[in-house]
Amino acid sequence: MAVLKTVLTVLFIIICIALTVIILLQEGKSAGLGAISGAAETYWGKNKGRSMEGMLVKITRVLVILFIVLSAVLNIGRF
């Protein structure tokens, strides 16, 4: 049982580091001055789900779910 807890803790630390890096790679949600001139309606603005930014958002969602599940599992083991 101790080996499983150690493996889950190492996986949890890796997910924490990956989540931090992925969040820092993402752009801000504010449009800035580009929204004034209509730059938000470009090709990349319409197809954001298929771009690198869209992929980062999907990876962030998966990592957050794994983070929550692993933190719950590791806390249940304490009692």
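Above: the structure in question.
The structure contained in this document is the topic of the report that follows. (Residues numbered from 1 in each chain as written. Predicted model: local features only at pLDDT ≥ 70, side-chain atom pairs only at ≥ 80, totals over all residues. Heavy atoms only, no water.)

### Considerations on the overall build of the chain
What the chain contains, in helices and strands, is four helices and zero strands. When the helices and strands of the chain are listed from N to C terminus, the series reads α-α-α-α. The proportion of buried residues among the 79 residues of the chain is 18%. Pairs at least 24 residues apart make up 86% of the contacts formed inside the chain by residues separated by at least 6 positions. (Helix = DSSP H or I, 4+ residues; strand = E, 2+ residues; numbered from the N terminus. Buried < 20%, exposed > 50% of the residue type's maximum accessible area, 1.4 Å probe, protein only. Contact = heavy atoms within 4.5 Å.)

### Observations concerning a nonpolar patch on the surface
On the surface, I13, I17, V21 and L25 cluster together to form a nonpolar patch covering roughly 380 Å² of accessible area. Look at I13 and you get partly exposed, because its relative accessible area is 45%. (Patch = residues over 30% accessible without salt bridge, like charges linked within 9 Å, V, L, I, M, F, W, Y side chains within 5 Å. Areas by Shrake-Rupley, 256 points an atom, 1.4 Å probe, with all protein chains shown as cover. Salt bridge = Lys/Arg side-chain N within 4 Å of Asp/Glu carboxyl O.)

### Brief notes about helix α1 (residues 2–25)
Under the 1.5 Å per step criterion, the end-to-end length of α1 is 35 Å for 24 residues, consistent within 8% with the ideal 34 Å. Among the residues of α1, L8, F12, I15, L19 and I22 are the ones counted as buried. Where α1 is buried, its residues meet α4 (52–76). (Expected span 1.5 Å × (residues − 1).)

### Side note on the nonpolar core
In this structure, L8, F12, I15, L19, I22, L56, L63, L70 and L74 together form the largest nonpolar core, which totals nine residues. Contributions of two or more residues to this core are made by α1 and α4. Among the elements that take part in this core, α1 stands out by supplying five residues, more than any other. With residues near it in sequence (within four places) discarded, L8 still touches L70, V73 and L74. (Core = buried A, V, L, I, M, F, W, Y, C linked by side-chain atoms within 4.5 Å.)

Without other data, these values stay purely geometric and don't point to any function.
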